[in-house]
Amino acid sequence: IHLEAGLRSFSWQMAEELNRVFVDQYAQWLFTTEPSARQHLLDENISEEHIHEVGNVMVDTMYHMKPRVDASTILSRLDVKRDTYGVVTIHRPELIDHPERLQEVWKTLIAIHASLPLIFPIHPRTRRILEQDGSLKGEGMQGIRCIDPLGYADMQRLVREARCVFTDSGGLQEETTVLGVPCFTLREETERPITVSEGTSMIVGHDGKKIIETFDEFFANGFKQGCVPPLWDGHAAERIADILIRV
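So, a few notes on the structure that sits alongside this text. All values derive from a computational prediction rather than experimental measurement.

Criteria and cut-off values
All residue numbers refer to positions counted from 1 along the written sequence of the respective chain. This being a predicted model, a pLDDT of at least 70 is required before a residue's local features are given, and a value of 80 or more before pairs of side-chain atoms are given or counted; all residues contribute to the totals for chains, interfaces and linings. For side-chain calculations, the full set of non-hydrogen atoms in the structure is used, while hydrogens and water are omitted. Secondary structure elements follow DSSP: runs of H or I of four or more residues count as helices, runs of E of two or more count as strands, with numbering from the N terminus. Throughout, the radius of gyration refers to the C-alpha atoms, and the reference size of a globule is 2.2 Å times the residue count to the power 0.38. Note on exposure labels: buried denotes an accessible area under 20% of the residue type's maximum, exposed denotes more than 50%, and partly exposed covers the range between, all computed with a 1.4 Å probe on protein chains only. Residue contacts are counted whenever heavy atoms from the two residues lie within 4.5 Å of one another. We treat Lys and Arg as the positive residues and Asp and Glu as the negative residues; His and chain ends play no part in the count. To locate a charge, take atom NZ for lysine, CZ for arginine, CG for aspartate or CD for glutamate. Polar contacts, as counted here, are pairs of nitrogen or oxygen atoms within 3.5 Å of one another; within protein the pair requires one atom able to donate a hydrogen and one able to accept it, and residues that are adjacent in sequence qualify only if both atoms are side-chain atoms. Each nonpolar core is a collection of buried residues, namely Ala, Val, Leu, Ile, Met, Phe, Trp, Tyr and Cys, held together in the definition by side-chain atoms within 4.5 Å. For Phe, Tyr and Trp, where Trp contributes only its six-membered ring, two rings pair if their centres lie within 6.5 Å, and the inter-plane angle classes them as stacked under 30 degrees, edge-to-face over 60, or tilted in between. In this analysis, the protein atoms alone were mapped onto a 1 Å grid. Cavities are point sets where a 1.4 Å probe fits without being able to get out; pockets are open sets with protein on both sides within 12 Å along at least five of seven lines; lining residues have an atom within 4 Å of a point. Grid points are joined across faces, edges and corners, and a volume is the space filled by probe spheres set on the points. Put simply, Ala, Val, Leu, Ile, Met, Phe, Trp, Tyr, Cys and Pro go in the nonpolar bin, Asp, Glu, Lys and Arg in the charged bin, and everything else, Gly too, in the polar bin.

### Here we look at the overall build of the protein
For the protein, the count of helices and strands is 12 helices and nine strands. A compact globule built from 247 residues would reach a C-alpha radius of gyration of about 18 Å, and the protein, at 19 Å, matches this within 12%. Considered along the principal axes of its C-alpha atoms, the protein spans approximately 60 × 40 × 35 Å. When the 247 residues of the protein are sorted by exposure, 49% land in the buried category. Sequence separation of at least 24 residues holds for 64% of the intrachain contacts in the protein that already meet a minimum separation of 6. One finds the centroid of the 26 positive side-chain charges in the protein at a distance of 5 Å from the centroid of its 38 negative side-chain charges.

Okay, here's the thing in structure tokens:
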């Protein structure tokens, strides 16, 4: 069984891309989250009878965890108010393992921070790299608020109440789409294109000028209006169970 089958970034720099293709060839049941995934599988000569569009189990988790997210006190603990800050997460090797690319994005985030305070729950590996190159020291930090990684409920609450999100995370592209939070995706491509075509994600890449221009347009005129994709309703696991019971 492969959940989230058929997702493709078409970037072999992503370690998981090879795994996705490999597992899809050998799985008996392929459960997809969006129509493009189904088409990718058909293009790779996978039989249609094995493919089932069921929705997104990560969205199921969001529905299930909502009471705990509602109860999170993260905003009061950080002493911030709703819609007055942005959230940053960066961790992918294709960004943080390239010093020039990482510095371009980091300097851009510092410039954005002058207009909108940024909170950065920082991945341990990202922290280590930014500490090594001096970005987290003195002038290099420039006020961006770096905090330790957060648990699920606190992170969801922080994102839900944010003005916007800057991320290279695939999961956050989906979560911000469900939450209706503008998402600046710091990548050159995405394996979750429905978050761009229907959701609140916008691909801005690693180019500082493009990121700033897109952010300024958002800050001045607002972001595109997204919607929650079909079947992202909290019932994906039930659909999967029904299919497995039938067979």
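### Some words on the side chain of Ser169
Along the chain, Ser169 turns up in the loop between strand S7 (164-167) and helix H9 (170-179). At a separation of 3.2 Å, a polar atom in the side chain of Ser169 contacts the main-chain amide nitrogen of Gly171. Looking at Ser169, its side chain comes within polar contact range of the main-chain nitrogen of Leu172, at 3.1 Å. Ignoring anything within four residues of it in the chain, the contact list for Ser169 reads Thr89, His91 and Arg187.

### A short note on the nonpolar core
Among the nonpolar cores identified, the biggest contains 28 residues, and Trp106, Leu109, Phe120, Ile144, Phe166, Phe184 and Phe215 are the most heavily contacted of them. Elements supplying a minimum of two residues to this core: helix H5 (93-96), helix H6 (99-113), strand S5 (118-121), helix H7 (124-132), S7 and helix H11 (208-221). At six residues, H6 tops the list of elements feeding residues into this core. Leave out the neighbours within four places in its chain, and Ile144 touches Trp106, Leu109, Ile110, His113, Leu118 and Phe120.

### Here's the deal with the side chain of Thr176
Note on placement: Thr176 falls in helix H9. The class of Thr176 is buried, set by a relative accessible area of 0%.

### Details of the packing of aromatic side chains
Counted according to the given criterion, the structure contains 10 aromatic pairs. Note on Phe184 and Phe218: the rings are 5.5 Å apart at their centroids and 70 degrees apart in plane angle, and the pair reads as edge-to-face. Placement of Phe184 in strand S8 (residues 183-185) and of Phe218 in helix H11 is noted, with a sequence separation of 34 residues between them. The same class applies to Phe184 as to Phe218, namely buried. Ring centres 5.4 Å apart and planes at 35 degrees place the aromatic pair Phe215 and Phe219 in the tilted group. You can see Phe215 and its partner Phe219 sitting in helix H11, four residues apart, about one turn around the helix. According to the relative accessible area criterion, Phe215 is buried, its value standing at 2%. For Phe219, a relative accessible area of 35% gives the class partly exposed. One aromatic cluster in this structure is built from Phe166, Phe184, Phe215, Phe218, Phe219 and Phe223.

### Topic: empty space enclosed by the protein
As enumerated under the stated definition, the model contains one cavity of 30 Å³ or more in all. Reported here for the largest cavity is a volume of approximately 30 Å³. Leu3, Glu4, Phe31, Thr32, Thr33, Val54, Gly55, Val57 and Ile240 together form the lining of the largest cavity. Looking at the lining of the largest cavity, its residues break down into five nonpolar, three polar and one charged.

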